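Examination of the molecular architecture
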Amino acid sequence: MQKFRTVLERQLHDEHELHGMMDKETFLDCVSDNIVIISKALTSQFVIPEFRTFTDIIDKIFEKCVDNEEGKPAQYIPQLARRNPKHWGVSICTVDGQRYDLGETNIPFCLESVVKPLIYALTLNDLSPDVVHRFVGQEPSGRSFNELTLDYQNKPHNPMINAGAIVISSLLKKGLVIADRFDYAMDELKRLSGQEHVTFNNSVYLSERATADRNFALGYYMRENKCFPPEADLVETLEFYFQLCSIEVTAQSGAVIAATLANGGICPTTGDKVLDSEAVRNTLSLMHSCGMYDYSGHFAFKVGLPAKSGVAGGVLLVIPNLMGIFTWSPPLDQWGNSSRGVQFCEELVANFNFHNYDNLRHTSKKYDPRGRAVESKAQDVVNLLFSAFNGDVTAMRRYALLGMDMSLADYDGRTALHLAAAEGHESIVRFLLEKCNDVNPHQKDTYCATYKNHGTSQLTMMLSGSNMMMWQIFFWNI
Ligand code: GLU
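Residues numbered from 1 in each chain as written. Predicted model: local features only at pLDDT ≥ 70, side-chain atom pairs only at ≥ 80, totals over all residues. Heavy atoms only, no water.

For the rest of this paragraph, the subject is the site of the ligand. Near the ligand, the surroundings consist of Tyr-76, Glu-112, Ser-113, Phe-145, Asn-162, Glu-208, Asn-215, Tyr-241, Cys-245, Tyr-293, Gly-310 and Val-311. A distance of 2.7 Å separates a nitrogen atom of the ligand from a polar atom in the side chain of Glu-112. Residue Val-311 places a main-chain N or O atom 2.9 Å away from an oxygen atom belonging to the ligand. Compared with its free state, where it exposes 300 Å², the ligand has 94% of that area covered by protein. Across the shell around the ligand, the residue classes break down as 6 nonpolar, 4 polar and 2 charged. (Near = heavy atom within 4 Å. Polar contact = N/O pair within 3.5 Å; in protein donor to acceptor, adjacent residues only side chain to side chain. Areas by Shrake-Rupley, 256 points an atom, 1.4 Å probe, with all protein chains shown as cover. Nonpolar A, V, L, I, M, F, W, Y, C, P; charged D, E, K, R; others polar.)

Right under this line is the structure:
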């Protein structure tokens, strides 16, 4: 049975089935609700203009991870232990709402620890960072996620470990009765997901509560150390925390949540402003340093992106200002992160320059799918060739220092070297040949290669200097 993600998709499909063609009125009727996204598509204005090129690489990464059979699903409760280790899904949603799904992206699973950054963000939104951080720190703990430990101020180290998330649960809409607090959490998560799949798994909740000795121990230890707001009820707080962990999403709805975080708190599919951008920034900072259990430092080093994993096999990954990704696969590695999820993130950053510290200009071995990259490359060519044509050697030096590729060519294969030689700017020719390793003195433009002996001029330049080198430069009559 065919799936339709939007009403527009269904309308277009029905019209096509019925008539093969559609008239202008029907077309306008179909597109009017989605005119922003359609005009962006038609004018290549999306944040990833070549979406197919991008997803072709995603397909390959996804396939590579299928073969990863490391680890097994979490065993501490039967509901998680029973999950099929073969399940593997990846869902992507960009900040302008482009979607891509691979594998099992429609099967619900529990957020577990992935709920931690979400309840932290919701609490920040409501109470401000000053209030929230009176109760919880911002440092990586350097210890296991459920360790009985507090920081030097007797606070949980951060909101991404159990102690911190339990304290956050005590703060989330603390003025309301518990039933309303649960409704609030569900409603807000639903808004973050653009009203897509968010449900509650009662059997996971009951199992979590029945096997929660460590979390109860943490709760009593923190109550002894006055970690909670005075009015908090410990058992109610712990039960609320287990309920929050038992909220389910699919990889698809999770990807929209991730994209809302990537988009500064505004859901890209509904336009709903759910979170303040400051709450999002703070959340992403702590996900970056503390989101992947005891692998967080390694992950920050290798992947360099904010992420949070959970024991049900979910990984929520945020590429700020670009996209959200949610991967789901139950088998966990030795740190409790989804084996395939971590591999996917690492492969992603090996292929694309998404690492926070990838240099966007000179990371030449990686692909940058952002529209800006395409535009800025075109601008680079114009600037470089224009300066060469005008004999502006200072500008040429500046471009070289900025790491610009000095062999960039225009649509006819003409480089700065061709133009400088044709205009007789000897200082630029000398600079390009002597100082810029990426400039090839034998590079030919399109015409020269195509019509070898037609219209091609040959300029032989004697360059004075230590070696008295003779360079032959071929160029087209510009
Ligand atoms: N409910 C689990 C616990 O608190 C969450 C585990 C996790 O995903 O880290 O122990």
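Take the side chain of His-87 next. Tracing the backbone through its elements, the reader meets His-87 in the loop between helix 5 (78-81) and strand 1 (89-94). On the basis of relative accessible area, His-87 is assigned to the buried category, the value being 15%. Excluding anything up to four places from it in sequence, His-87 contacts Glu-104, Ile-107, Trp-328, Ser-329, Pro-330 and Arg-340. (Helix = DSSP H or I, 4+ residues; strand = E, 2+ residues; numbered from the N terminus. Buried < 20%, exposed > 50% of the residue type's maximum accessible area, 1.4 Å probe, protein only. Contact = heavy atoms within 4.5 Å.)

A separate point is the pairing of strand 8 (residues 323-328). A regular strand places its side chains on the two faces of the sheet in alternate fashion. Extensive coverage of strand 8 is indicated by the burial of 6 of its 6 residues. Alternating positions in strand 8 separate into two faces, Met-323, Ile-325 and Thr-327 on one and Gly-324, Phe-326 and Trp-328 on the other, with burial throughout. Bridge count for strand 1 against strand 8 is 6 bridges, and the pairing is antiparallel. By the bridge assignment for strand 8, Ser-91 is matched with Phe-326. (Pairing = 2+ DSSP bridges.)

With the rule as written, the count across this model stands at 15 aromatic pairs. Taking the centre distance of 5.9 Å and the plane angle of 45 degrees together, the rings of Phe-200 and Tyr-205 count as tilted. For Phe-200, a relative accessible area of 29% translates into the label partly exposed. Centroid distance Phe-216 to Phe-242: 6.0 Å. Interplanar angle 50 degrees. Geometry classified as tilted. Taken as a pair, Phe-216 in helix 11 (residues 213-224) and Phe-242 in helix 12 (residues 234-245) lie far apart in primary sequence, 26 residues in all. Relative accessible area serves as the criterion here: at 0%, Phe-242 is assigned to the buried category. The structure contains a cluster of three or more aromatic residues connected by ring pairs, namely Phe-51, Phe-54, Tyr-100, Phe-352, Phe-354 and Tyr-367. Directly above the aromatic system of Tyr-399 lies the positively charged group of Arg-398, at a separation of 5.6 Å from the ring centroid. One Lys or Arg, Arg-414, reaches over the ring of Tyr-411 and ends 5.9 Å from the middle of that ring. (Phe/Tyr/Trp six-rings, centres within 6.5 Å; stacked < 30°, edge-to-face > 60°. Lys NZ or Arg CZ within 6 Å of the ring centre and 35° of its normal.)

Right, let's talk about the environment of Asn-356 for a bit. Mapping Asn-356 onto the fold places it in the loop between helix 16 (339-351) and helix 17 (371-390). We classify Asn-356 as partly exposed; its relative accessible area is 47%. It is 8.7 Å that separates the C-alpha atoms of Asn-356 and Ile-319, two residues lying 37 residues apart in sequence.

Attention now goes to the packing of helix 8 (residues 162-171) against helix 12. Running from N to C, helix 8 and helix 12 point in directions that differ by 110 degrees, and their axes come no closer than 9 Å. With respect to each other, helix 8 and helix 12 are oriented roughly perpendicular. Two secondary-structure elements touch here, helix 8 through Asn-162, Ala-165, Ile-166, Ser-169 and Ser-170 and helix 12 through Thr-237, Leu-238, Phe-240, Tyr-241 and Leu-244. Partitioned by chemical class, the residues of the contact of helix 8 with helix 12 number 6 nonpolar, 4 polar and no charged. (Axes fitted to C-alpha atoms, helices over the stretch in contact; angles between N-to-C directions. Parallel < 35°, antiparallel > 145°, perpendicular 65-115°, else oblique.)

Time to look at the confidence of the model for the protein chain. Looking at the protein chain, the pLDDT average stands at 88 and 87% of residues meet or exceed 70. Confidence over residues 449-478 falls short of pLDDT 50; this stretch has 58 contacts with residues more than four positions distant or in other chains. (pLDDT = per-residue confidence, 0-100.)

What follows deals with the packing of helix 6 (residues 115-127) against helix 8. Where helix 6 meets helix 8, the closest approach of the two axes is 10 Å, and the angle between their N-to-C directions is 40 degrees. With respect to their mutual orientation, helix 6 and helix 8 come out oblique. Handedness of the crossing formed by helix 6 with helix 8: left-handed. Of helix 8, the residues touching helix 6 (which contributes Lys-116, Ile-119, Tyr-120, Thr-123 and Leu-127) are Asn-162, Ala-165, Ile-168, Ser-169 and Leu-171. For the contact of helix 6 with helix 8, the per-class residue count stands at 6 nonpolar, 3 polar and 1 charged. (Left-handed = near helix turned anticlockwise from the far one by under 90°.)

Moving on: the sheet that holds strand 5 (residues 247-249). Pairing within the open sheet is antiparallel, and its 3 strands lie in the order 3-5-4. Each end of this open sheet is capped by a strand with a single partner; those strands are strand 3 (109-110) and strand 4 (198-200). Looking at chain direction, strand 4 and strand 5 are connected through 3 bridges and run antiparallel. When the bridges of strand 5 are listed, Val-198 appears paired with Val-249.

Right, let's talk about helix 12 for a bit. Its 12 residues place the ends of helix 12 17 Å apart at the C-alpha level, agreeing with the 16 Å of an ideal helix rising 1.5 Å per residue. With 9 of its 12 residues buried, helix 12 lies for the most part within the structure. Along helix 12, the residues that are buried comprise Leu-234, Thr-237, Leu-238, Phe-240, Tyr-241, Phe-242, Gln-243, Leu-244 and Cys-245. At the N-terminal end of helix 12, a side-chain oxygen is found 3.2 Å from the backbone nitrogen of Val-235, two or three residues along, and the residue is Asp-233. (Expected span 1.5 Å × (residues − 1).)

Looking now at the pairing of strand 1. Counting buried positions along strand 1 yields 6 of 6 residues, so the element is predominantly enclosed. Here strand 1 shows two buried faces, one formed by Gly-89, Ser-91 and Cys-93 and the other by Val-90, Ile-92 and Thr-94. Two strands pair when backbone bridges link them, and strand 1 and strand 2 (residues 99-103) are joined in this way by 5 bridges, in the antiparallel orientation. Along strand 2, the bridge assignment pairs Ser-91 with Asp-101.

Another point: unusual backbone geometry. Leaving glycine out, the prevailing phi sign among residues is negative, and the prevailing peptide bond configuration is trans. Within the chain, Lys-226 stands out as a residue other than glycine whose phi angle is a positive 55 degrees. Looking at the element boundaries, Lys-226 is found in the loop between helix 11 and helix 12. On the basis of relative accessible area, Lys-226 is assigned to the exposed category, the value being 70%. You will see that Tyr-293, though not glycine, has its phi angle at about 50 degrees, which is positive. When you line up the elements, Tyr-293 lands in the loop between helix 14 (277-290) and helix 15 (296-302).

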